[in-house]
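Next come the chains, spelled out residue by residue.
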Amino acid sequence: MNKRVLPLILTLSLFSLTVTTTFAQFGPPGSGQPRGDGNGRTRTESTTPTTFEIVTPKGNSKISGIVVDSSLAKAVEYATIALIDKTTKKIIDGTIADDKGRFTLTKVAEGTYNLTVRFIGYADKTISNVTVGKGDNIDVGVIKLNVSATTLDAVTVTGQKSLIEEKVDRLVYNAEKDLTAKGGDAADVLRKVPLLSVDFDGNLSLRGTTNIRVLINNKPSTIIASSIADALKMIPADLIQSVEVITSPSAKYDAEGSGGIVNIITKKSTIQGFTLNLDTGVGLRGSNLGLSSSFRTGKLGVTLGGNGRAFYNPAFVTLDQNTVQNGNAIRTNQQASAFDNGLFGRYNLGFDYDLGKNQFITAGVNFGTRNFKRNQDYTTQLFTNNALSSTNYRNVDSRDLSNSVDMNLDYIRTFKPGQEWSVSTLYSISNLTNNFSADQLNGSQEVTGRQKNLNSNVNKEMTVQTDYVQPIGKKQQIEFGVKGIFREVNSQFEYQLAGPSGAFTFDARNPAGLLNYSQNIGAGYVSYTFATANKYTFKLGTRYEHTSIIANDAERDILIPDYQNLVPSINISKGLGKATTLKLAYNRRIQRPGLQQLNPNVNFANAQNITIGNPSLKPEITDNVELSLSTSIKKSYLNLSLFSRQSSNSITRITMPSDSVAGAVITTFQNIGKEQTVGMNLFGNTYITPTWTLNGSFDLYYNTLSGQQTGLSGLSEPVSNAGFILSGRLQSQVSLPNGWSVQAFGGYRGNRIQLQGSQSGMGMYSVGVRKDIAKKQGSIGLAADNFFGGMKIRNTLTSPIFNQVSVNNIYNQNIKVTFSYKLGKMSLVAKKKTKGVTNTDVMGGDTN
């Protein structure tokens, strides 16, 4: 641990005020606004109904319980609870349940009450004669609501969670309700989430930027720090419960992730007893198998599960590029047929235990594995001054293998509703192997030589943090915390050569070496939030981070000075009537480079298109401003967001001709760019009929990039690029009688602007049907993706001394059959409150 960072962590004691106010109207149900706490959970304060006269005697007793769906045995989120005096029939107090169905009424006076629970789509439920004595802590247990038809604006809406939800501080995509996602991976799910875009290689972007932070259950993982694209392939779609998109994170979150945060929530158990779940599917391009079990008795809960996925897909790639070398014009014409196959999995073991009435401890171990193999046959022709000079044949076998282990131990102590202290720890390690072997062939397809590139990487991360939350009255809350993150990256690489037969030997002609990279971060945060009587809510915060880096390769120390960042955040919301909210947000973010950008290994897998990382990269700084308006109009919901983003010292992909390999180009990363983006996003959701929903989103933004590249004179010269990007998606789901349901999805991602060129857009579509069986204990389904044909991705780069056009034809049509079944006896119980480490500060995968 760096000695300069440890004292900083021990002395940082910043204050963070976050107000959480919720006004539960016991009139139109479901109109309450639960407040997020910035860590993926929803807090609810005791609230006062506004449509009735309120009389609130003071007391020191509590009433708590859990609201569930009687037929589906799952929590009813944000149900409205009213405490009514049995004698006067007046409402004494009220609140709303949280996202797990839990609720607590505090400061209840002695007396006898009726407790009424209401939520849209359910029949009201009243618990009579709740007798409260002085100092009592009464648990009314599980309250089951029966589903009923409720008429709202002439449309009958059934009580089911929407596929897409807009919460106070985030957009939530409920992937567990997506019929077409089964059998895919996380990338297939994220392609359907508003604001997000995923290209076919798995590179994730949010409103046009790939500089985002991805979390799994509010926690980081070293495999994500290494490559977001790799991590998304590792997580099966069947394992995902929901995806949260946070565009304006509060000061509680790490400062990194300039575009925002994407939090992937996996399925968890909140049941008493034992269950076993089976999910499986078989398709033309992939198959999956998942098993999960859970056991809970008394104070102890145990979960064990795993999900694996295999995929197989062919592709055909063409490359046409022109370079100038030693005064000669060299043209490269290349064709390659490829076949990809992979085996991915993620497995988990978790424990939680009640230490006492207000103390909980949780622990977990997660293991992920990724085995990706690609076989490519290259045919490369070189033309010098328009004359054919050589034809080369090369067969390449690439192996991208990795495994990761994440271990966490968390403790939380609750003093009273809203007041808590927590300590969270996380240790994460991933081992990555990026090797390839290549056979050089002659025109008769005989092997003339062989080559290997061996590249092994180890990425370790240790995090310790503590947080404290203290409410101040009913409309204010103070929150502060400190955190230390300690990272270590080690990479070794070399090349080996061999003849047509015989052993491999070290290749001294090609680069070999190592990278040792240590990064230590000390941080503290403070914010203050308060609400006013005229429906304004202000959330003001700041976060301080100190970063120190020690790095070296085989020949030298890499000097990267320590740096400090003070990153403010401001969130203001204003309620306009009962159904409309206006929000304004500003935040500053930083983006540190990830392993793929740092790794100095020179990758010659495609000898005409060489890639190399840059261990000297520095972080980039981004300022974000967002203005949004959301409203409900009868049976529809609309959200319009306008945003602006400006980044300096941007980590930018740059390509230049090779000095040593004829006709080849080299791609690396440099801190040479500036990026500006302004745009808008429109999202809507509506009930066409009682059982037919339609939702969609539309993105339009203008992207400007500027930087430096090598000119004809050999000197650096300015370069810039700009353009509009247009994307959209449309999704519909219909529930039919007798357990049948149908879903369709279509989406298009527009052209992607790069500093030296552009990448063409891509479209995807899918249709799925499912039938519930055995009284909803199981289901069978059929889904199809891109069944009319594959997709073509065109990438164009230009500069004064080279141009490149590559076309990737991907045959990704798929038809899959899915099956799931649940065994065991279940009864819903309250899920224990947990805190977790949330590192949001490292770039993974590709960037512009």
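All of these numbers come straight from a predicted model, not from anything done at the bench.

1. Focus on the overall build of the protein
Point 1. For the protein, the helix and strand inventory stands at five helices and 47 strands.
Point 2. Per-residue burial over the protein gives 54% buried out of 848 residues.
Point 3. Within the protein, contacts between residues separated by at least 24 positions form 69% of all contacts whose residues are at least 6 apart in sequence.
Point 4. As displayed, the protein offers around 34,100 Å² of accessible surface, 57% of which is attributable to carbon and sulfur atoms.

2. Quick look at the confidence of the model for the protein
Point 1. Summing up the model confidence of the protein, the mean pLDDT is 80 and the portion of residues at 70 or higher is 81%.
Point 2. Scored below 50 in pLDDT, residues 149-160 makes 23 contacts in the model with residues more than four places away or belonging to other chains.
Point 3. In this model residues 826-834 is a low-confidence stretch, pLDDT under 50, and it forms 38 contacts with partners more than four residues away in sequence or in other chains.

3. Description of the pattern of salt bridges
Point 1. Scanning all chains against the criterion turns up 15 salt bridges.
Point 2. For Arg-509, the salt bridge goes to Asp-507, with nearest N and O atoms at 3.3 Å.
Point 3. For Arg-509, a relative accessible area of 69% gives the class exposed.
Point 4. Salt-bridge contacts for Arg-592 lead to Glu-545; the nearest nitrogen and oxygen are separated by 2.9 Å. Residue Arg-592 is located in the loop between β33 (580-591) and α5 (595-598), and its partner Glu-545 is located in strand β30 (residues 536-553); the two are separated by 47 residues in the primary sequence.
Point 5. Among the charged side chains, a network of salt bridges with common partners joins Arg-543, Glu-545 and Arg-592.

4. Section: the environment of Ser-630
Point 1. Residue placement: Ser-630 occurs in strand β35 (residues 620-633).
Point 2. Exposure remark for Ser-630: the relative accessible area of 11% places this residue in the buried category.
Point 3. Setting aside chain neighbours within four positions, we find Ser-630 in contact with Ala-579, Thr-580, Thr-581, Tyr-637, Leu-638 and Asn-639.

5. Remarks on the sheet that holds strand β4 (residues 80-85)
Point 1. Overall, antiparallel pairing links the four strands, which are arranged β5-β4-β7-β8 in an open sheet. The sheet is open, and its two borders are formed by β5 (91-96) and β8 (125-132), each paired with just one other strand. Strand-to-strand twist in this sheet, taken as the mean axis angle between neighbours without regard to direction, amounts to 20°.
Point 2. Where β4 lies against β5, five bridges are found, and the strand directions are antiparallel. Residue pairing in the sheet places Ile-84 in a bridge with Ile-91 of β5.

Definitions and limits used
Residues numbered from 1 in each chain as written. Predicted model: local features only at pLDDT ≥ 70, side-chain atom pairs only at ≥ 80, totals over all residues. Heavy atoms only, no water. Helix = DSSP H or I, 4+ residues; strand = E, 2+ residues; numbered from the N terminus. Buried < 20%, exposed > 50% of the residue type's maximum accessible area, 1.4 Å probe, protein only. Contact = heavy atoms within 4.5 Å. Areas by Shrake-Rupley, 256 points an atom, 1.4 Å probe, with all protein chains shown as cover. pLDDT = per-residue confidence, 0-100. Salt bridge = Lys/Arg side-chain N within 4 Å of Asp/Glu carboxyl O. Pairing = 2+ DSSP bridges. Axes fitted to C-alpha atoms, helices over the stretch in contact; angles between N-to-C directions.

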